[in-house]
Amino acid sequence: MVTPAPAKRGKKPRAASPTATAATGQVQSLTRGLKLLEYIAEAQGNVALTDLAQQAGLPNSTTHRLLTTMQQQGFVRQVGDLGLWTLGSHAFVVGSSFLQSRNLLAMVHPTLRRLMEESGETVNLAVLDTSEYQAIIIDQVQCTALMRMSAPIGGKLPMHASGAGKAFLSTLPDEQVTQLLHKKGMQTYTQHTLTPHNLKEGLAQIRKQGFSFDDEEHALGLRCVAACIFDEHHEAFAAISISGPVSRITDNRVIELGALVIHAAKEISLEYGGVR
C-alpha cells in the first residue's frame, strides 16, 4: 500500500486582497481611481469629496485615500478654501499625448470596411470644414455591387441635401442653420431636395432619431443614412454615411442602416474623443 507523503509545513497561501483584483481581473483600486478621474473631468470644474464619493458609491475615507494617491502623482489637486478637487496638470500631459498620436483615418477605416460588409453598401467618412461649412469626403470603402454609389475622395457634399451634411446641420441651433443656409444658399438638385421649411422639420427628426436620411435629395435614385462623430469637446467634426441605390436601400432598411451608423459613430466618438 502506498502511503501519501505528509504535507510540508509552511506558510499558508495568502488570500487575494478584495481590493487588489476584481472578479473581472481588473485592479479594483485602479478602476476606482480612474472612475474618480472621469467624474472630475465630467464635472468641468471643482468637485467636493462627498459628491465624488456618492457618485462612485464609496465611503468618504476610501475616496480620500484614492484622491490623495492621485494627487501625489499630479493627476488631481485641491483648490480653494473648501478643498474642492479638480484635475491636475499631469492629467493634461497624459491626455495631450493621446491627442498627438491619434490618427482619424487609421482609426476609422476598419469600421468603414466592417460597415460595408454588414450593409452591402458603400460607406463614406466625411469631415466638416468649419471655415466654409461644407462636408468633405476623406475616406470611402465601396461595395462590390455593380450598381453602387461612387464619389471622389475630396468631393464636397451639400449641407442641406446630403446625409453627412444634414447630420452636421442637426447639431447646430436652428438660428445658426438659418444664417448659414441664407449665406450659402439652398441649391435644388432634384425634385426631392428639401425647402427651408421642410429642412427645419427634417433636422428636428434627425435630432430625435440620431441619424440623417438623404432620400434622393442630392441625386435621383440614391439614398444615404449618416451619423456624426464627436470630439472631446462634444462637437461634431466628422460623419459616417452608408449610401446606395433606392432599389436596395428600401424603406424597410432605413432604420436598420440608421442603427448601424449610430452604433459605429458612437464607437468612434468614444475611441477618438472619449465622448459617451
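Residues numbered from 1 in each chain as written. Predicted model: local features only at pLDDT ≥ 70, side-chain atom pairs only at ≥ 80, totals over all residues. Heavy atoms only, no water.

Trainee: Looking at this structure, I do not really get the sheet that holds strand β4 (residues 134-141). What am I missing?
Mentor: Picture the strands of a sheet paired through backbone hydrogen bonds; they go either parallel or antiparallel. Read from one edge to the other, the open sheet built from six strands follows the order β5-β4-β3-β8-β7-β6, with strand pairing classed as antiparallel. Each having just a single partner strand, β5 (156-157) and β6 (212-215) make up the two edges of the open sheet. Where strand β3 (residues 122-129) meets strand β8 (residues 236-245), six bridges bridge the pair, whose relative direction is antiparallel. Residue V127 lies in a different strand from β8, and its bridge partner there is A238. In the packing of helix α5 (residues 104-119) onto the sheet, the strands contacted are β3, β4 and β8, and the crossing angle to β4 comes to about 70°. Strands β6, β7 (222-230) and β8 of the sheet are contacted by helix α9 (residues 251-273), whose axis makes an angle of about 25° with β7. (Pairing = 2+ DSSP bridges. Helix = DSSP H or I, 4+ residues; strand = E, 2+ residues; numbered from the N terminus. Contact = heavy atoms within 4.5 Å. Axes fitted to C-alpha atoms, helices over the stretch in contact; angles between N-to-C directions.)

Trainee: Even after reading the chapter, I still don't get unusual backbone geometry, so can you show me in this structure?
Mentor: It is generally the case that most residues other than glycine have a negative phi and that most peptide bonds are trans. With a phi close to 60°, E216 is a non-glycine residue in the positive phi region. Relative to the helices and strands, E216 is located in the loop between β6 and β7. Phi angles above zero are rare outside glycine, and H234 is one such case at about 60°. Within the secondary structure layout, H234 lies in the loop between β7 and β8.

Trainee: When you look at the layout of surface pockets in this model, what are you seeing that I'm missing?
Mentor: It is a probe the size of a water molecule, rolled over the atoms, that shows where empty space is left. Size it by volume and the second largest pocket reaches roughly 290 Å³. If you go around the second largest pocket, you meet 18 residues; those closest to its centre are G210, A227, C228, F230 and K266. Those elements that provide at least two residues to the lining of the second largest pocket are α8 (196-209), β7 and α9. (1 Å grid on protein atoms, 1.4 Å probe; cavity = no way out; pocket = protein on both sides within 12 Å on 5 of 7 lines; lining within 4 Å. Points joined across faces, edges and corners; volume = space filled by probe spheres on them.)

Trainee: Could you clarify how one ought to interpret helix α7 (residues 174-184) in this entry?
Mentor: An α-helical segment advances 3.6 residues per turn. Residues three or four places apart therefore align on the same side. Of the positions making up α7, those classed as buried are V177, L180 and L181. Down the axis of α7, the buried side of the element spans an arc of 90°, and every buried residue falls inside it. Set apart from the buried face of α7 by more than 90 degrees, the exposed residues are E175, T178, Q179, H182 and K183. Buried-residue contacts for α7 involve α6 (163-169) and α8. (Buried < 20%, exposed > 50% of the residue type's maximum accessible area, 1.4 Å probe, protein only. Arc of directions from axis to C-beta.)

Honestly, it's all geometry; don't read function into it.
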